[in-house]
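# Descriptive structure summary
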Amino acid sequence: MVDLTFTVDAQGTTTPLTLPIDKAVIAGWTGRDPVARDKHIAELEAIGIARPASTPIYYRVSARRLTTTDCIEVCGGDSSGEVEFVLIGWQGRILVGLGSDHTDRKVEAYSVTVSKQMCDKVMAPVLWELKDVIGHWDRLILRSWARIDGERVLYQEGTLDSMLPVKELIERGFGGKGLPDGCAMFGGTFAAKGGIRPADRFEYELEDPVLKRSIRHAYDVIVLPVLG
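This one's a predicted model, so the numbers in the text were calculated from it and none came from an experiment.

### Things to note about the sheet that holds strand β13 (residues 141-148)
Strand order across the open sheet formed by five strands is β6-β17-β16-β13-β14, with mixed pairing between neighbours. The open sheet is flanked by β6 (71-75) and β14 (151-159), the only strands paired with a single partner. Each strand axis lies, on average, 25° off the axis of its neighbour in the sheet, ignoring direction. Relative to strand β17 (residues 213-224), β6 is paired through five bridges, and the arrangement is parallel. Paired with C71 across the strands is D220, a residue of β17.

### With respect to a nonpolar patch on the surface
Together, Y110, V114 and M118 make up an exposed nonpolar region whose accessible area comes to about 300 Å². Examined against the element boundaries, V114 turns out to sit in helix α3 (residues 112-116).

### Concerning the nonpolar core
Core analysis: the largest hydrophobic core is formed by 69 residues, its most contacted members being L19, I21, L87, I88, W137, M185 and L206. No other element matches the six residues that strand β8 (residues 83-90) contributes to this core. With near-sequence residues (within four places) excluded, L87 lies in contact with I94, L95, V96, W137, V166, I170, L179, C183, A184 and M185.

### Some details on the pairing of strand β15 (residues 183-186)
Burial along β15 is two-sided: C183 and M185 facing one way and A184 and F186 facing the other are all buried. The sheet contact formed by β8 and β15 spans three bridges and is antiparallel. Within β15, the position partnered with I88 by the bridge is A184.

### Comments concerning the pairing of strand β1 (residues 2-10)
Pairing of β1 with strand β2 (residues 13-21), which is carried by nine bridges, proceeds in the antiparallel orientation. Of the residues in β2, the one forming a bridge with A10 is T13.

### What to know about helix α5 (residues 166-174)
Among the residues of α5, those classed as buried are V166, L169, I170 and F174. Angular distribution of buried residues about the axis of α5 spans 95°; they occupy a single face of the element. Just downstream of α5 lies G175, where phi reads positive at about 70°.

### Some points on the pattern of salt bridges
This structure, assessed with the given rule, holds 19 salt bridges. Taking the shortest distance from any N to any O, the salt bridge between R213 and D9 comes out at 3.7 Å. Here R213, found in strand β17, pairs with D9, found in strand β1; they are 204 residues apart in sequence, far enough to count as distant. You can call R213 buried: its relative accessible area is 11%. Classification of D9 by relative accessible area gives buried; the value is 17%. E205 is the partner of R143 in a salt bridge, and the nearest nitrogen-oxygen pair spans 2.6 Å.

### Focus: the environment of R60
Mapping R60 onto the fold places it in strand β4 (residues 57-61). Exposure remark for R60: the relative accessible area of 46% places this residue in the partly exposed category. Here the alpha-carbon distance between R60 and A24, two residues 36 residues apart in the chain, equals 6.1 Å.

Rules behind the numbers
- Residues numbered from 1 in each chain as written.
- Predicted model: local features only at pLDDT ≥ 70, side-chain atom pairs only at ≥ 80, totals over all residues.
- Heavy atoms only, no water.
- Pairing = 2+ DSSP bridges.
- Helix = DSSP H or I, 4+ residues; strand = E, 2+ residues; numbered from the N terminus.
- Axes fitted to C-alpha atoms, helices over the stretch in contact; angles between N-to-C directions.
- Patch = residues over 30% accessible without salt bridge, like charges linked within 9 Å, V, L, I, M, F, W, Y side chains within 5 Å.
- Areas by Shrake-Rupley, 256 points an atom, 1.4 Å probe, with all protein chains shown as cover.
- Salt bridge = Lys/Arg side-chain N within 4 Å of Asp/Glu carboxyl O.
- Core = buried A, V, L, I, M, F, W, Y, C linked by side-chain atoms within 4.5 Å.
- Buried < 20%, exposed > 50% of the residue type's maximum accessible area, 1.4 Å probe, protein only.
- Contact = heavy atoms within 4.5 Å.
- Arc of directions from axis to C-beta.

What follows is the structure, given as structure tokens:
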């Protein structure tokens, strides 16, 4: 279990909230469009990562990997971030957040499950109420930027109409019980523009063009040496 402190932004009213998270789930290959989904699968296959056993697929990861830090340390130079929306169950409510499924790609080539345990999963410290955005969910926009060789480049971008709807994503992962309290589920990502590659800094946002607000976060990546 890990306790994370957030600010809940309920359309202008902000409230601090500390959440005990005891379960973390990374949902993968959650695209509605099979063509776009297969593009991301092919992107991973190109760097040696096998196709998933099913689509979508739900990986468990240690809750202690979740953090709201602005800097992480990784082993070697083979990891990269992925922008994702995050759903958190709490006291019968669902809160919406923003995270990066930072993953070791070298390890992912032989075990996706193991790779999910290798790096911290960085969340933004702001949450929204799902009920405030579910009516225009498909219009929400995910973006990320990567600083590569000193240059900030647009790395990912897409609207959530490309992802499975919230209800279906939860039902396929948890059945009729709904998202459990204390569970944080990452909801999937988009293909990287120019291909998956490591970066010194990862910036990302979830934009709500209807309510004119965004959740943003960023973190630096410190590479630790790998000694044989």
